[in-house]
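Fold and geometry: a report
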Amino acid sequence: MHLLASLFPNDRFGLLGLIIALPLLGAIVNGIWGRRLGRQAVTAMALTVMGLAFSAALVTFLHLREVAHEAGHGSHVRLAWTAWEWFHTAGGRSAHNIPIDLRFSVDQLSGIMMLVITGIGFLIHLYSSSYMADDASFSRFFAYLNLFVTSMLILVLGDNLVVLFIGWEGVGLCSYLLIGFWFGKLENAAAGRKAFIANRIGDFGLIIGMFLIAQYTGALDWDGIARNAQQLLAPSAAARVHLWPVGGGVYQGFWSFLQPAHPLTISAATAASLALFLGCTGKSAQLPLYVWLPDAMAGPTPVSALIHAATMVTAGVYLICRLNFVFVLSPFAMTVIAVVGALTALFAATIALVQNDVKKVLAYSTVSQLGFMFLGVGVGAFTAGFFHVFTHAFFKACLFLGAGSVIHSMHAHIHDDVASQDMRNMGGLKKYMPVTFATFAVSTLAIIGTPLTSGFFSKDEILFKAFTSPAVHPFAEKLAQRGLGVWKQPTWIGPTLYVIGVIAATMTAFYMCRALFLTFFGEFKGWEIGEAKHDHAHGHDDHGHGHDDHGHHGPAPAPHESPWQMTLPLVVLAFGALFGGWLNAAPFHFEPLGEWLEPVFERSVKLGVEVVGGEEHAHHLMWPLAGGGIAAFAVGSAIAYWMYIAQKGEPAKKIAESNKALHQLLLDKWRVDEFYGATVLGVTEATAETCAAVDQGIVDGLLARATAATVAAGGFVLRAMHTGLFHVQGAAMVLGIAGFGWFFIAPHADVAVNELSGTYTVQAAPGIGYAYRWDADGDGKFDSDRFGDQRVLAVSVEQGKTKQVRLEVKNVFGLTGTTSVTVGTEAKKGATVVGLR
Amino acid sequence: MSAHSEVQATERPGAFDIGLPDILFTALAVAVIAALGAYTDPAWVPAGIAGLFGFAAVHAYDKTTRISVGAIAALCALFVVKMWPTAVSLTGGEPVVESPTQLSWLIGLPLGGAIFMLFMPRQAHGLLKNLTLGIMVLTFAASLPLLGVAMGSGYHFDQNLAWIPQFGIRYHVALDGVSYWLVLLTTFSVPLATFVSFGSIHTRLKDWVFSLLLLEAGMIGAFVALDLFLFYVFWELMLIPMYVMIGVWGGSDRVKAAVKFFLYTMFGSVLMLAAILYLAYAYGKVAGAPSFDYFDLQRLVLPRSTQVWLWAAFALSFLIKVPMWPVHTWLPDAHTEAPTAGSMLLAAVMLKLGTYGYLRFCLGLFPEASIEWGINLAAVAVCGGILYAALCEWQQTDLKRLVAYSSVAHLGYVMLGIFSMTQAGVEGAVLQMVNHGMSTGALFLLVGVLYDRRHTRQLADFGGIASQMPIYTVMFIIATMASVGLPGTNGFIGEFMVITGTAASLRLGHFAGIQAVGAALGVVLGALYMLTAVQKVFFGPVTKKENEGLPDMNSREIIGIAPLVAFIFILGLAPNLFLQSISGATTRIIRDVNERLDASPPPEFHRGVPKLLNRRPEAPAAPVVAETK
């Protein structure tokens, strides 16, 4: 440790670079040379880099602990490393330069994330080495997986929002690539694209959040944002985000009807928080952007475990925890987060109730659990929300891997992807796959909140906090003193959130037990178990001949337990799922994790607590409120037991039949995808079609084709004249000469009046053989009877008066022409003569 | 596990194909590199490692290709090491001697080469190809000394000779931070495009290389010309070869596209010519003798009424060139019909002349009018460029047309950045010009690869290409990600700087926020259209028999794409290498505009007779004109 401290000072902690670079190295090596290396070498490479990364992360974490210990209790410590100066951008009041460095840091919060990512990542790599063993694109898989870990590490270790964004988009890319891993099937590729685009909608929010934060706080790194976060709340009008009129303008003239009596503004804190939260809903699959996650199950199951359960999808929660000091400035945004989280938890749970695909159940369960996490952070219980991230990583990864293990063994004889994941084809696997069963059961117990398991502690704390901690504006009193009203959270929100949470938890208990019972209990329904009739070696790489038959005709060997590479991770994760809760056992006042994370959330918790007046008064409610969670667990699992074990699934069928429409609606996931397809996507597509049509029809038509047509029409007319016939052209020439002749014969009397500092000169236009005579005094008679050659006439006019000047022209043919002109400017009434020009 | 594993079933399970000799060779090579680095220049170490990496990475190709890619990788690494900010400050002790003829060589080499080509035998294809590439590589090499010069805020390599003195027309070329990377981008991408084109152009080769060389001369000239007359000459000079390239070697509807391209551009440039003549005349009225020199004309302050019209003439010309809504429709046609190299150069370099023109001439000569109308142009850039073009793009069924529309969207960011008039916005805009050259150049190259194999560009004709051409797919996805602005690739930096710069803009007034939001929305649309196209072309099962067994990228193509991919990442990860030479010039531009606006504030601006200001401090010293009278 001393060596470490001397090698890597706290501000140049290069080990972080190594932690990130190791998986990247694996990705590059496996990606470029994977095919030549062969499977064993690819496995070795991928596992080595992950193992080393985990070790390095562990060492870093221990070092961090020591540093934190030295710094004293409750101090926020950080080990940082700057790779290089990346670029810079503008922000702040004076639009100064904000340097954006490629800088990484680890503190109490990201330290835990780092451990989870590398640790669980290593286990899942190990699992995959067996799970994917027969896949043709083995090396590509590990390259992607390693790249994912790199991106995820960049996400949590990034020291500013932009570096975080590299990881944020990087995990999105890897997720896209891994969901569409088997791109030969168009649905998989489409699911990948859907995920990427849904994430991009979120990223749109994140970008807006970034520039708002850059603009108001003048910083993008965590320290800088924390330092200037209060700028987001400055009460002056300029510091508010003007929604209507857009940007704070004024609608005038014709548009004045759009001008509201009071401009609609929100604080920059609310705007930035909501924008960032939009990013979180994309990445962490919350309403309304959750739709990609269930589809993402098209990817290989280890991917679902790592990316779509344990790590990537929790990035949103991490972001909110990371920027907690921004979010607490806006009670409105906090309430939105909590409400969205609670509704997502409930909504996804309803869908999970009836799904038959085991991965779909787990996917909706993930969405639901993520909802719980957002409920937690939304009510200001950052520790609780983050704790749920931690425990969820264990039990959900374990559940997915367990499901993968089951699917793996089912797939040995059912080669259809859908059928091999259908729980109706499973059952009774308990006796064939004991390890998988045990770990799956333990994780199920954890997720449904069986008392004293990890899920119990994390979920109960969220529910408790939801009931007791209202989001209060940290500066409500100060602002009220200045006569500025702030948004107040209605008092009914807390209890409602609690009730929704309890209902969702009950559903969780029900559907998870249902999945457990359908898969592992009862009779095996997959195929007839017995000696295989044909000893055709049925490997995985001969699926190419359209083997889509549901199950085998005739008996086949019983499903078998998976090899150790797959069961070992299950056991480790199940262990974590069972005992991980004791890291933060709030009801027993044993909270090492809470104390560890306290410095991270200190600022915001203090802000909140000051106003609420401490949450100590609510402490006596902890056990009574825990009753709700325990009841949810008991009721949900009891109903499931009664339905699927005691009654062998009969009641479920009956309920489904008596409520056919509702059941179908739930099976179809509330038809949200269809709804989005018809509304958002439909509108966008229609707009796009209109744009494309306008582009071709109107813009191009008007500017290019219409112009061309005009020229062509002119050409057509002119071409008709240019026939090349001698007599026609001769006639045209005669006409032309006649025209010119007439022009020369007719006299043209034209004058121009020039004025130079009050004196006027009238100048007649020249012509061949012209003679002129003038009427300069305006008496109607020409000054002389004879025509002379005076072409320029000086006229004196009194100021404010005008004079009529007449000119007659005679040309050599003796023809005359005449014209008259008014010289001088008439004085306007009331206007002073002086200065009138 | 998968029912789809028939794709890429070529892997030899368990094969450990990297044997002891490989490892020994690598070790030896590393040792040699390290020794070389220790004794000569430490920069050789990363360069050598990168070279080795490049050599090893394309293991599926023959030795020549591997060595070439290795060399490209080594050069890129060398570039990064040498340009690294700390490295520059360390070696920045002695001032670099700037040769005044440097830029003239850059113009003269390809121009002279083009004329020289006329005397070469038409049938000797090998000779023509090698000579052309030789000239272009020489030009590129001649442009490398530019890298050694710290740009700062001033002008460099200034050369100012009398040309037609009685009209004040001079041959004046110089380089500043704005044109710096654009010139290098030109000398970099022209040989690349030419090299790639030799794989698909086999007819009228002599005419082809003549056009390419002439085009290069024209483009470089237009970027460095600081005499407006000279600029106009180059501006028109590059128009003709491109017109010929589209019209002769283009697709089925090439003549129409070529004429459309020519007429559109010509329409704008004739107006610009009129404005240039008026400017020179107006300068002559005030100063006594007309001048076409940029720094002279910059001193001229015209009344608002005049300025707006002159500005409009310039702006329309550039608007067409960029191109921006509503005068963008020539671009999809031109791109679709143009041969691959033509599309690459059109997108990578020629379009930048429009945005460069805004930055140099509109903002430099008519700052008041530019600011007055800049808000509107920014709105056009967001609505008509970023959003509208993206939506149009989504509906395209032709892959090349789709990429063409993406150019409109990307240049929308550039326009927005320029008119945001913030340091980050303008810098981001200049960087985005370079970025777009790399990523869109790569995309056009890749579309050309597919076209050469299938002679179709319709999305519907493809599907499942990923299983047939895996290397190609990887390259295409990298280029796509750069195009949609994934952080870590070049596209992100430019877009992000433009968006934040726009949000912080004071010149855009209260529209700044909503325009930044609109620009951010373009990020979503970008992903939507590019990924839809990628999915249609690459994923899913192979449905068309013609697509089975398509050969993957050949040596020529892989060598062509390698530097572009390298720069996609270099620009994305170390943009400071580029920004450090851009920022001085952008600071100067913004300061100049602000000073002019402070002197004659909006909305009235300057009234009365035109007046002359002092020469800008950064302007190169005015030439000593021999008095003839």
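Residues numbered from 1 in each chain as written. Chains lettered and ligands numbered in written order. Predicted model: local features only at pLDDT ≥ 70, side-chain atom pairs only at ≥ 80, totals over all residues.

1. Some thoughts on the overall build of chain A
Across its full length, chain A carries 28 helices and ten strands. Residues classed as buried in chain A amount to 51% of the 837 residues present. Of the contacts made within chain A by residues no fewer than 6 positions apart, 77% connect residues no fewer than 24 positions apart. (Helix = DSSP H or I, 4+ residues; strand = E, 2+ residues; numbered from the N terminus. Buried ≥ 20, exposed ≤ 12 C-beta atoms within 10 Å, placed from the backbone. Contact = placed C-beta atoms within 7 Å.)

2. Focus on the overall build of chain B
A tally of regular secondary structure across chain B gives 24 helices and four strands. At 25 Å, chain B has a C-alpha radius of gyration in line with the 25 Å of a compact globule built from 629 residues. If one aligns the C-alpha atoms of chain B with their principal axes, the spans along those axes are about 85 × 55 × 50 Å. Of all 629 residues assigned to chain B, the portion counted as buried reaches 59%. Excluding contacts between residues fewer than 6 apart, the proportion of contacts in chain B whose partners are at least 24 apart in sequence is 80%. (Rg over C-alpha atoms; globule rule 2.2 N^0.38 Å.)

3. Points about the interface of chain B and chain A
Counting residues at the interface gives 69 residues for chain B, matched by 72 residues for chain A. If you tally residues by element for the side of chain B that touches chain A, the top one is helix 22 (residues 512–538) of chain B, at 14 residues. When grouped by side-chain class, the residues that make up the side of chain B that touches chain A number 43 nonpolar, 21 polar and five charged. (Nonpolar A, V, L, I, M, F, W, Y, C, P; charged D, E, K, R; others polar.)

4. A short note on unusual backbone geometry
The amide bond that connects Val322 of chain B to the next residue, Pro323 of chain B, takes the cis arrangement and shows omega of -15°. The backbone phi angle of Arg671 of chain A is positive, close to 50°, even though this residue is not glycine. The backbone of Met421 of chain B shows a phi angle near 60°, a positive value even though the residue is not glycine. Of note, Met421 of chain B is situated in the loop between helix 17 (399–420) and helix 18 (423–454).

5. Some thoughts on the sheet that holds strand 5 (residues 751–756) of chain A
All names here are of chain A. With respect to topology, three strands assemble into an open sheet ordered 5-6-8, the strand pairing being antiparallel. Every interior strand has two partners, whereas the edge strands, strand 5 and strand 8 (792–795), have only one. Averaged over all pairs of adjacent strands, the angle between their axes in this sheet comes to 25°, without regard to strand direction. For strand 5 and strand 6 (residues 759–764), the ladder comprises six bridges, and the chain directions are antiparallel. Along strand 6, the bridge assignment pairs Val753 with Val762. (Pairing = 2+ DSSP bridges. Axes fitted to C-alpha atoms, helices over the stretch in contact; angles between N-to-C directions.)

6. Digging into helix 13 (residues 304–321) of chain B
Residues and elements named next belong to chain B. Between its first and last C-alpha atoms helix 13 spans 25 Å; for 18 residues at 1.5 Å apiece the expected length is 26 Å, and the two agree. When helix 13 is considered as a whole, its buried residues turn out to be Gln307, Leu310, Trp311, Ala313, Phe314, Ala315, Ser317, Phe318, Leu319, Ile320 and Lys321. The inward-facing, buried residues of helix 13 contact helix 11 (254–287), helix 15 (340–365) and helix 16 (367–394). (Expected span 1.5 Å × (residues − 1).)

7. Regarding the environment of Thr60 of chain A
All names here are of chain A. Here Thr60 shows up in helix 3 (residues 39–71). As a C-alpha pair, Thr60 and Ile19 span 41 residues in sequence and 9.3 Å in three-dimensional space. Dropping the residues within four chain positions of it, Thr60 is found in contact with Leu15, Leu16, Ile19, Leu79 and Val106.

8. Section: the packing of helix 15 (residues 358–378) of chain A against helix 19 (residues 454–468) of chain A
Residue and element names in this part refer to chain A. At a minimum axis distance of 9 Å, the contact between helix 15 and helix 19 shows a crossing angle of 45°. In this view, helix 15 runs oblique relative to helix 19, as classed from their interaxial angle. The handedness of the crossing between helix 15 and helix 19 is left-handed. Judged by residue contacts, Phe372, Leu375 and Gly376 of helix 15 engage Lys459, Ile462, Lys465 and Ala466 from helix 19. Grouping the amino acids of the contact of helix 15 with helix 19 by side-chain chemistry returns four nonpolar, one polar and two charged. (Parallel < 35°, antiparallel > 145°, perpendicular 65-115°, else oblique. Left-handed = near helix turned anticlockwise from the far one by under 90°.)

9. Structural notes on the domain arrangement of chain B
Residues and elements named next belong to chain B. By the assigned domains, chain B splits into domain 1 (24–84) and domain 2 (102–612). On a C-alpha basis, the centres of domain 1 and domain 2 stand 32 Å from each other. Across the contact, 13 residues belong to domain 1 and ten residues belong to domain 2. Counted by class, the side of domain 1 that touches domain 2 contains nine nonpolar, three polar and one charged residues. (Domains from an automatic or database assignment.)

10. Here's the deal with helix 28 (residues 726–745) of chain A
Taking 1.5 Å per residue as the helical rise, helix 28 of chain A with its 20 residues ought to reach 28 Å, and the 28 Å between its terminal C-alpha atoms agrees with that figure. In terms of burial, helix 28 of chain A is largely open, as just zero of its 20 residues are buried.

11. Describing the nonpolar core
Formed by 471 residues in total, the largest nonpolar core has its most connected members in Ala397 of chain A together with Met415 and Leu446 of chain B. The residues contacting Ala397 of chain A, other than those within four sequence positions of it, are Ile120, Ile124, Ala305, Ala309, Ala310 and Leu573 of chain A. Within the second largest apolar cluster, ten residues are counted, among which are Ala764, Leu793, Leu807 and Val809 of chain A. (Core = buried A, V, L, I, M, F, W, Y, C linked by C-beta atoms within 7 Å.)

12. A word on the sheet that holds strand 7 (residues 771–775) of chain A
Residue and element names in this part refer to chain A. Pairing is antiparallel across the open sheet formed by three strands, whose spatial order is 7-9-10. Each of the sheet's edge strands pairs with one partner strand only, and the pair in question is strand 7 and strand 10 (816–823). When strand polarity is set aside, the average angle formed by the axes of neighbouring strands in this sheet is 20°. With eight bridges connecting them, strand 9 (residues 803–810) and strand 10 associate as antiparallel partners. Across the sheet, the residue bridging to Val805 is Val821, located in strand 10.

13. Quick notes on the environment of Ser820 of chain A
Residues and elements named next belong to chain A. On the secondary structure map, Ser820 appears in strand 10. Overall, the presence of 14 C-beta atoms within 10 Å leaves Ser820 in the partly exposed class. Put simply, Ser820 and Leu16 are 804 residues apart on the chain and 93 Å apart in space, counted from C-alpha to C-alpha. Setting aside anything within four residues of it in sequence, one finds Ser820 in contact with Gln804, Val805 and Arg806.

14. Some words on the packing of helix 4 (residues 108–131) of chain A against helix 16 (residues 382–411) of chain A
Residue and element names in this part refer to chain A. Where helix 4 meets helix 16, the closest approach of the two axes is 11 Å, and the angle between their N-to-C directions is 5°. Accordingly, the angle class assigned to the pair helix 4 and helix 16 is roughly parallel. Contacts from Ile112, Val116, Ile120, Ile124, Tyr127 and Tyr131 of helix 4 reach helix 16 at Phe390, Ala393, Ala397, Leu401, Gly404 and His408.

15. So, the pairing of strand 2 (residues 96–107) of chain A
All names here are of chain A. Most of strand 2 sits inside the fold, with nine of its twelve residues counted as buried. As judged from the twelve bridges shared by strand 1 (residues 78–91) and strand 2, these two strands associate in the antiparallel manner. Each bridged residue has a counterpart across the sheet, and for Leu79 the counterpart in strand 2 is Val106.

16. Some points on the confidence of the model for chain B
Residues and elements named next belong to chain B. With 94% of its residues at a pLDDT of 70 or more, chain B has an overall mean of 86. Low confidence marks residues 1–15, where pLDDT is under 50. Its contacts with residues over four positions away, or in another chain, come to 40 contacts. Our summary of model confidence lists the complex with pTM equal to 0.87 and ipTM equal to 0.90. (pLDDT = per-residue confidence, 0-100.)

17. Considering the environment of Val246 of chain A
Residue and element names in this part refer to chain A. Mapped onto the elements of the fold, Val246 is located in the loop between strand 3 (240–244) and strand 4 (264–267). With 16 C-beta atoms packed within 10 Å, Val246 lands in the partly exposed category. Note: C-alpha distance between Val246 and Ala338 (92 residues apart in sequence) is 28 Å.

18. Observations regarding the confidence of the model for chain A
Residues and elements named next belong to chain A. In this model, chain A carries a mean pLDDT of 83, and residues with pLDDT of at least 70 account for 91%. Mean pLDDT across the secondary structure elements of chain A bottoms out at helix 20 (residues 476–481), with 68, and peaks at helix 5 (residues 138–157), with 93. Taken as a whole, residues 610–614 scores under 50 in pLDDT and shows five contacts with residues more than four places along the chain or in a different chain. pLDDT under 50 marks residues 829–837. Its contacts with residues more than four places away, or in other chains, come to six contacts.

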